[in-house]
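Overview (structure and organization)
Residues per chain are reported as follows:
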Amino acid sequence: ASDDLVSQPLLSPAAASAARNYLLHKGPPDKGTTRDDLEHSSPSLKFFEVWKVLVNAWFRKEGALPLHEIGRRAGGSSPTVALALERLRSRGELGPSRNRPVGFQAFPRTTLREIVALSDSLRKPIYYKDASGRVPDPVELLRRIATESPRGVAVGGVVAGRVYDKKFNLNGIPRVDVIAQRDVAPNWIRSLDPALRAVPAATPSPTLVVHPVTQVRVSDAKSVYPGVPIADPVETLLDLYELRLTEQAEELIQLAEGPTHE
């Protein structure tokens, strides 16, 4: 704010003091956000939500979206949406039009690289592993997700990648990636398997990875695993990059771009 620091969630006293000191020396914010600020500052979570809405619209070939519809899907206010769109325009990823329906004409690879690089801080994945020592059975875990998970949960990663790309090139399921709305009670994990325990991010070969999101958008596409809700294309794409399956992620983008003609 113009005269004080407002933080949600609350910062520790030491961090709040450091932030206030930074604001004091930074000077009054009367010059507004510059083009350079937009291009080089780190993306916020609100920007991330707007970007995902536009990328999903691109994947689904919806065309340009009105600003109020972008805000509705992203759960953001008009100023939040406007600032996010200005950042994308500053990078040449949106047309120059203002106060009109907007959308990506081509896949926004510049911002994608930035999002992928900051994936941990933006997506905040939670890793789980079977504490019983059993060999993971991803197919059984998917069956339980289909029957035991609450609304607001969907499966992404390799499982959804095979739905969107029928020629998906990978054997097996290295782990199960799930998106879950932030308001879903975390105890649903225990209903899947009481042996699943949260583990540090560096733990090798997690069984399940959960990505908290503002809103789960379940795809109409059907999986070969009956009843498994499938995550939207952008969450699936980001899962694949997180799994270091770069080739498969690029093929997903190219498939959506359609055939090229020389």
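From a predicted model like this one, the values you see are computed outputs, not experimental measurements.

Let's shift gears to the confidence of the model for the chain. Chain-level statistics for the chain give a pLDDT mean of 86 and a share of 82% at 70 or above. Between the elements of the chain, mean pLDDT differs from a low of 51, seen in helix H2 (residues 35-40), to a high of 97, seen in helix H11 (residues 233-242). Across residues 28-38, where pLDDT falls below 50, the model places nine contacts with residues more than four positions away in sequence or in other chains.

The subject of this paragraph is helix H5 (residues 78-90). Taking 1.5 Å per residue, 13 residues should reach 18 Å; H5 reaches 18 Å between its end C-alpha atoms and fits that length. Buried within H5 we find Thr-80, Val-81, Ala-84, Leu-85, Glu-86, Arg-87, Leu-88, Arg-89 and Ser-90. Following H5 by one or two positions, Gly-92 adopts a phi angle in the positive range, close to 75°.

The next point concerns the pairing of strand S3 (residues 176-181). Successive residues of a regular strand alternate their side chains across the two faces of the sheet. Within S3, five of the six residues are buried, leaving the element largely enclosed by the surrounding structure. Pairing of strand S2 (residues 153-155) with S3, which is carried by three bridges, proceeds in the antiparallel orientation. Bridge pairing in S3 places Val-155 opposite Val-178.

This part covers helix H3 (residues 45-59). For H3, built from 15 residues, the straight-helix expectation of 21 Å at 1.5 Å per residue is met to within 8% by its first-to-last C-alpha distance of 21 Å. Where burial is concerned, most of H3 is hidden: 13 out of the 15 residues are buried. Immediately downstream of H3, the backbone of Lys-61 shows phi near 55°, a positive value.

About the thresholds
- Residues numbered from 1 in each chain as written.
- Predicted model: local features only at pLDDT ≥ 70, side-chain atom pairs only at ≥ 80, totals over all residues.
- Heavy atoms only, no water.
- pLDDT = per-residue confidence, 0-100.
- Helix = DSSP H or I, 4+ residues; strand = E, 2+ residues; numbered from the N terminus.
- Contact = heavy atoms within 4.5 Å.
- Expected span 1.5 Å × (residues − 1).
- Buried < 20%, exposed > 50% of the residue type's maximum accessible area, 1.4 Å probe, protein only.
- Pairing = 2+ DSSP bridges.

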